[in-house]
Amino acid sequence: MAARKAAPKKPNVSKDELLHYYREMLLIRRFEEKAGQLYGMGLIGGFCHLYIGQEAVVVGLEAAAEEGDKRVTSYRDHGHMLACGMDPKGVMAELTGREGGYSRGKGGSMHMFSKEKHFYGGHGIVGAQVPIGAGLAFSDKYKGNDRVTFAYFGDGAANQGQVYETYNMAELWDLPVIFVIENNQYAMGTSVARSTKSNSLWERGAAYGIEGEAVDGMDVLAVKEAGEKAVAHCRAGNGPYILEIKTYRYRGHSMSDPAKYRTREEVQKMREERDPIENVRELLVSGNHASEADLKAIDKEIKDIVNESAEFAKESPEPALEELYTDIYAAEVPQDA
Ligand SMILES: Cc1ncc(C[n+]2csc(CCOP(=O)(O)OP(=O)(O)O)c2C)c(N)n1
Ligand SMILES: [Mg+2]
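In this text, all values refer to a predicted model and were calculated from it rather than measured experimentally.

Peer 1: Can you walk me through the overall build of the chain in this structure?
Peer 2: Counting its secondary structure elements, the chain contains 11 helices and seven strands. By its C-alpha atoms, the chain is 50 × 50 × 40 Å across when sized along the principal axes. The buried share of the chain, taken over its 337 residues, is 47%. Taking all contacts inside the chain whose residues are at least 6 apart in sequence as the whole, residues at least 24 apart take part in 77%.

So, in structure tokens, the structure goes:
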């Protein structure tokens, strides 16, 4: 087994904070593993893009967010939903297309929303959520509150034209939006090296006057720290900020990807040397914050939550036929969105 790189030493992080990150990241990982299993059993149909490997990105940024802040992302969205506090049962039941799901079984993996948690999707069109994120930020600015929007997108999406039109307007209007580039090094089977000659995606913001930085996305503490800086920048009315978070997805692009464009060794090396959950586990153990038995108990607690969500998702009925005709047009114009 390859040597693990030393986990970052951050002595001023409390035990509770570390345990929180550990739990949250583990919940996403176990949930995604279960979703993969249910997909294999034919209980989940359609598209399903797993977030395994990228857990520190959403968990770190959610730790920097406050109540009322908004988030919007792509189709690789289960982690974002869980990290912002959506119910694993409702998410899993949506994956299985059941009535108990967040979109009453009509949206599936890529189309879930929660107004309560300020989660605005779940978007299957690459990059589409970027201008939507700027629009959400525009609405907060217009209303005069100090809320911030996190608009997540991938390294592949970062090559799209609409991203740069959005950058321009967001900076022009000082919109409180954090553009989070989840650079997991691949867009389907295309590596970043094959899609662009610039190896720094965040620096493109300079053309529009937007500040930003690159962040180690396998280190939840680094992500949280960068997130706090970005949030403070936006909340203070300084306009948008870009975080290019360098991460890695362990699984294929979606469930139907045999991942022939990279070697098994490449994935294995990342898992063994950089895994974000293992990093926190090591900090917990080396700081004497948790014993192996404590961690085992947390693992069981998380497993139970995930198993319950899967049971709920299997037992929830399929939506009635009449559901085909609901939620097509808004019944009324929302006043408080
Ligand atoms: C406009 C559009 N073009 C192409 C696709 C097909 N497609 C789906 S995901 C994807 C790759 C996007 O990669 P990236 O932005 O890096 O996000 P990741 O999947 O790595 O999270 C492509 C090309 C699509 N869904 N929408
Ligand atoms: Mg990508």
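Resuming the write-up.
Peer 1: What is the right way to look at the pairing of strand 3 (residues 177-183) in this model?
Peer 2: Buried residues dominate strand 3, accounting for seven of its seven residues. Side chains V177, F179, I181 and N183 project from strand 3 onto one buried face, and the interleaved I178, V180 and E182 project onto a second face that is buried too. Note: strand 2 (residues 149-154) against strand 3, six bridges, orientation parallel. Of the residues in strand 3, the one forming a bridge with G154 is E182. On the question of chirality, the crossover connecting strand 2 to the parallel strand 3 by way of helix 6 (residues 161-172) is right-handed. By the bridge criterion, six bridges tie strand 3 to strand 7 (residues 241-246) in an arrangement that is parallel.

Peer 1: Can you walk me through the sheet that holds strand 1 (residues 70-72) in this structure?
Peer 2: Read from one edge of the open sheet, five strands run 1-2-3-7-6, paired in parallel fashion. Each end of this open sheet is capped by a strand with a single partner; those strands are strand 1 and strand 6 (211-216). Between one strand and the next, the sheet's axes are offset by a mean angle of 20 degrees, whatever the strand orientation.

Peer 1: What am I meant to see in the environment of L50 here?
Peer 2: For L50, the position within the fold is in the loop between helix 1 (15-40) and helix 2 (55-64). Taking the C-alpha atoms as reference points, L50 and P131, separated by 81 residues in sequence, lie 24 Å from one another. Apart from residues lying up to four places away in sequence, L50 is in contact with E32, A35, G36 and R251.

Peer 1: Is there a simple way to explain the UniProt feature "domain: Dehydrogenase E1 component" (unreviewed entry) in the chain in this structure?
Peer 2: Taking the numbering used here, the UniProt-annotated feature "domain: Dehydrogenase E1 component" (unreviewed entry) corresponds to residues 24-321. Within residues 24-321, the helical portion is 45% and the strand portion 11%, while the C-alpha atoms at the span's ends are 36 Å from each other.

Peer 1: Would you mind going over the packing of helix 4 (residues 88-95) against helix 11 (residues 292-315) with me for this structure?
Peer 2: The description of two packed helices rests on the angle between their axes and on the distance between the axes. Orientation of helix 4 relative to helix 11, taken along the N-to-C sense of each, is 45 degrees, at an axis distance of 8 Å. With respect to helix 11, the element helix 4 is oriented oblique. Relative to helix 11, helix 4 is oriented so that their crossing is right-handed. Seen from helix 4, the contacting residues are P88, K89, M92, A93 and L95; seen from helix 11, they are I305, V306, E308, S309, A310, F312 and A313. A class-by-class count of the residues in the contact of helix 4 with helix 11 yields nine nonpolar, one polar and two charged.

Peer 1: Honestly, the site of ligand 1 in this entry has me stumped. Any pointers?
Peer 2: Near ligand 1 you find 14 residues, and of these V126, G154, G156, A157 and A187 are the closest. Partitioned by chemical class, the residues of the shell around ligand 1 number six nonpolar, six polar and two charged.

Peer 1: What is the right way to look at helix 6 in this model?
Peer 2: Along an α-helix, residues three or four apart share an orientation, since each turn contains 3.6 residues. A rise of 1.5 Å per residue sets the reference length of helix 6, with its 12 residues, at 16 Å; its end C-alpha atoms lie 17 Å apart and thus fit the reference within 8%. Those residues of helix 6 that sit buried are V163, T166, Y167 and A170. In a view along the axis of helix 6, the buried residues occupy a sector of 105 degrees, so they form one face of it. Exposed and oriented more than 90 degrees from the buried face of helix 6 are G161 and L172. Taken together, the buried residues of helix 6 touch helix 5 (129-143) and strand 3. Looking one or two residues beyond helix 6, the residue adopting positive phi is D174, at roughly 50 degrees.

Peer 1: Sorry, what's going on with the environment of Y142 here?
Peer 2: Its place among the elements puts Y142 in helix 5. Residues Y142 and S109 lie 33 residues apart in sequence; the distance between their C-alpha atoms is 32 Å.

Peer 1: How should I be thinking about the nonpolar core in this particular structure?
Peer 2: In a soluble, globular protein the nonpolar side chains are often hidden away together inside. Membership of the largest hydrophobic core comes to 81 residues, with the highest contact counts inside it found for M25, A151, I178, V180, I181 and L243. Per-element tally for this core: the top contributor is helix 1, with 10 residues. Not counting residues within four places of it along the chain, the set of residues in contact with L243 comprises I178, V180, I181, G212, E213, V215, A226 and A230.

Parameters at a glance
- Residues numbered from 1 in each chain as written.
- Chains lettered and ligands numbered in written order.
- Predicted model: local features only at pLDDT ≥ 70, side-chain atom pairs only at ≥ 80, totals over all residues.
- Helix = DSSP H or I, 4+ residues; strand = E, 2+ residues; numbered from the N terminus.
- Buried ≥ 20, exposed ≤ 12 C-beta atoms within 10 Å, placed from the backbone.
- Contact = placed C-beta atoms within 7 Å.
- Pairing = 2+ DSSP bridges.
- Right-handed = clockwise from strand over helix to strand, strands pointing away.
- Axes fitted to C-alpha atoms, helices over the stretch in contact; angles between N-to-C directions.
- UniProt positions renumbered as here; feature names shortened; annotations may be inferred.
- Parallel < 35°, antiparallel > 145°, perpendicular 65-115°, else oblique.
- Left-handed = near helix turned anticlockwise from the far one by under 90°.
- Nonpolar A, V, L, I, M, F, W, Y, C, P; charged D, E, K, R; others polar.
- Near = placed C-beta within 6 Å.
- Expected span 1.5 Å × (residues − 1).
- Arc of directions from axis to C-beta.
- Core = buried A, V, L, I, M, F, W, Y, C linked by C-beta atoms within 7 Å.

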